[in-house]
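# Remarks on the overall topology
Here is how the chains run, residue by residue.
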Protein chains: 2
Amino acid sequence: MGARENGLPDTTPADGLPAEVEIWEVGARDGLQNESTTVPLDVKLEFLDRLADAGLTTLEATSFVHPKWVPQLADAEDLLARLDRRPGVAYPVLVPNERGLDRALRAGVEHVAVFASATESFARRNLNRSLDEQFAMVDPVITRARAEGLQVRGYVSMCFGDPWEGPVPREQVVAVGKRLLDLGCHRLSLGDTIGVATPGQVTALLAAFGDPDPLAVHFHDTYGQALANTLAALRSGVRVVDSSAGGLGGCPYAESATGNLATEDLVWMLDGLGIRHGVDLDALATTSAWLADHLDRPSPSRVVRALRG
Amino acid sequence: MGARENGLPDTTPADGLPAEVEIWEVGARDGLQNESTTVPLDVKLEFLDRLADAGLTTLEATSFVHPKWVPQLADAEDLLARLDRRPGVAYPVLVPNERGLDRALRAGVEHVAVFASATESFARRNLNRSLDEQFAMVDPVITRARAEGLQVRGYVSMCFGDPWEGPVPREQVVAVGKRLLDLGCHRLSLGDTIGVATPGQVTALLAAFGDPDPLAVHFHDTYGQALANTLAALRSGVRVVDSSAGGLGGCPYAESATGNLATEDLVWMLDGLGIRHGVDLDALATTSAWLADHLDRPSPSRVVRALRG
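Small disclaimer: the values here were computed from a predicted structure and weren't measured. (Residues numbered from 1 in each chain as written. Chains lettered and ligands numbered in written order. Predicted model: local features only at pLDDT ≥ 70, side-chain atom pairs only at ≥ 80, totals over all residues. Heavy atoms only, no water.)

Once that is clear, we can look at the overall build of chain A. From N to C terminus, chain A includes 12 helices and 10 strands. Considered along the principal axes of its C-alpha atoms, chain A spans approximately 55 × 40 × 35 Å. Classification of the 309 residues of chain A by burial places 63% in the buried group. When contacts within chain A are restricted to residue pairs at least 6 apart in sequence, those whose partners lie at least 24 apart make up 76%. Total accessible area on chain A is roughly 10,900 Å²; 47% of this is exposed by carbon and sulfur atoms. (Helix = DSSP H or I, 4+ residues; strand = E, 2+ residues; numbered from the N terminus. Buried < 20%, exposed > 50% of the residue type's maximum accessible area, 1.4 Å probe, protein only. Contact = heavy atoms within 4.5 Å. Areas by Shrake-Rupley, 256 points an atom, 1.4 Å probe, with all protein chains shown as cover.)

This part is about the sheet that holds strand 3 (residues 93-94) of chain A. Residues and elements named next belong to chain A. If you trace the 8 strands from one edge of the open sheet to the other, you get 1-10-9-8-5-4-3-2, paired in parallel fashion. Either end of the sheet is taken by a strand with one partner, and the two such strands are strand 1 (22-25) and strand 2 (62-63). Two elements, strand 8 (residues 187-192) and strand 9 (residues 215-219), share 5 bridges in a ladder whose sense is parallel. The residue of strand 9 that forms the bridge with S189 is A216. Packing against the sheet, helix 6 (residues 133-147) makes contact with strand 4 (111-117) and strand 5 (151-157), and its axis sits at approximately 160 degrees to strand 4. (Pairing = 2+ DSSP bridges. Axes fitted to C-alpha atoms, helices over the stretch in contact; angles between N-to-C directions.)

Residues and elements named next belong to chain A. Scanning the entire structure with this criterion turns up 38 salt bridges over all chains. The salt bridge partner of R29 is D30, with a shortest N-O separation of 3.7 Å. Here R29 falls in the buried class, since its relative accessible area comes to 5%. Relative accessible area serves as the criterion here: at 5%, D30 is assigned to the buried category. Across the pair D53 and R86 runs a salt bridge, and its minimum N-O distance is 2.9 Å. (Salt bridge = Lys/Arg side-chain N within 4 Å of Asp/Glu carboxyl O.)

The next subject is the packing of aromatic side chains. This structure, assessed with the given rule, holds 6 aromatic pairs over all chains. A ring pair is formed by F160(A) and F219(A), whose centres lie 6.3 Å apart and whose planes are at 40 degrees; its orientation type is tilted. Linking F160(A) in the loop between strand 5 and strand 6 (161-162) with F219(A) in strand 9, this pair joins segments that are 59 residues apart in sequence. An identical accessibility class is assigned to F160(A) and F219(A); each is buried. Here the basic side chain of R153(A) rests over the ring of W24(A), its NZ or CZ set 3.5 Å away from the ring centre. Note that R50(B) overlies the ring of W290(B), its terminal NZ or CZ placed 4.6 Å from the centroid. (Phe/Tyr/Trp six-rings, centres within 6.5 Å; stacked < 30°, edge-to-face > 60°. Lys NZ or Arg CZ within 6 Å of the ring centre and 35° of its normal.)

For the rest of this paragraph, the subject is the packing of helix 10 (residues 263-273) of chain A against helix 11 (residues 281-295) of chain A. All names here are of chain A. Between helix 10 and helix 11, the least distance of the axes is 10 Å, while the angle of their chain directions is 165 degrees. Taken together, helix 10 and helix 11 sit at an angle that is classed as roughly antiparallel. As helix 10 packs across helix 11, the resulting crossing turns out to be left-handed. Counted together, T263, E264, V267 and W268 of helix 10 and L281, L284, A285 and S288 of helix 11 form the full contact between these two elements. Among the residues forming the contact of helix 10 with helix 11, the class breakdown is 5 nonpolar, 2 polar and 1 charged. (Parallel < 35°, antiparallel > 145°, perpendicular 65-115°, else oblique. Left-handed = near helix turned anticlockwise from the far one by under 90°. Nonpolar A, V, L, I, M, F, W, Y, C, P; charged D, E, K, R; others polar.)

Following this line, the structure appears as structure tokens:
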């Protein structure tokens, strides 16, 4: 049975919503880096193949963070060496610093992503640097990557709430984000790393940025708000949404951060809203159910459980 | 630690949103009727007491459906006899037919809820009647209940998708709903019984009804859409939202229907949007975690798991 037989896809998007959304699939990186089970390389490669088969065109593939911090992705070089890169599919990788960039360049990567914290506390806990000092690390990465002709995405963490500081001032988020854009990032991904934001705050932060064109959103579902927040972001003109297949993932360094927005739950909403995305929901949900078996736990995605539970 | 210390409550609601929402708590009825574990009467009574302590003012308490169909609520008379009715709290009960109304009247109930299906297939499966014939059952219940001075809520099931028929025509839902209003229901609760709807469809159905004042919404989270749909309903002017503490519940007669929207996840969003609701989130989440222990399974609510997991 097709996934949508009980559903109600519309054919044209509602007023104020984009006609098409790019899904930036982070399951293989942000997802797997936070799973307690380390997935074998062959499974990762099959996962990426299956995500591409399901129609996803941006697959964040792995991370060049030091293996001491993220042992789940210690096989980044091997993964990229063996990866079957599909035409029309981008395989960005996360690089935290120049050493990571060196590794990514040797691996023949064309897209990288860097990250910065919007708060002092998270910069110190995650990077062991102050809010200002983190730029001494990330600035040369962006500059060099751009000089090498790479596309560079900038992640901004803790854009709404911070577990140590509480609410994060919008102007602070905008300042960090604009600095990344000015340095040459082609896009910013605004992360609700601990999943506390609600739709009004999303609307307000996006308004504070102004132009939504270079913005993506990255919501975690810790408090069940991820999809409602995504809806608010779409209404604000954002057209790139991060999600992870099956709702994998989180952030191992943030208290009470649970999974990312599930790609399947996002796709269900986009279908219903008449927004194009290019993903085959049945194939994707089957892939997520297959990976959940490898992880030996149910998928956190409601859609995956409804269709494949 | 207070539930909202990492959060970001706004003080005024965003444009186009109501200043206050009434939460119609269905956990003790729609929630418990679908749990495989039957909860002892003493636990139900404590659950209702704790929900009132947490600030909820409308507690759907039980159902006078025949115990053969809903054995979990076979203790309806005993529950109402022993219930500590709080001033300012309404305790509506579900009544399917005149026999159920008789029982409710004997129990001294002041508010009842009736239900009708928006589709032929669900009327036949749930009520063993055609779409038209169901009114022969429900009409006299409403008429008599109104004559007895009771408030009557009308539930409409399968307002968006139906597991046997697929998409449900809006005009059919409006026709069923308006008939219930014309008969004397003071409010309609529009149910997405199988949880397939997305926000654009919610907006469209509410627009088809016109005036949102007599409308409530009742979303299930089967496909993860419940909170996004609620946001769309609030934007359409709806001010009464059904939810169940801890995300309990579902519908035992509908394929793949899982839990209701969790009250805690709703409250988290309302807090963030600056919408008043009167509920103490910490007390509520503690109550849901306590009940989940009695049911011997984790709460489906993301907020409950984040705060009490």
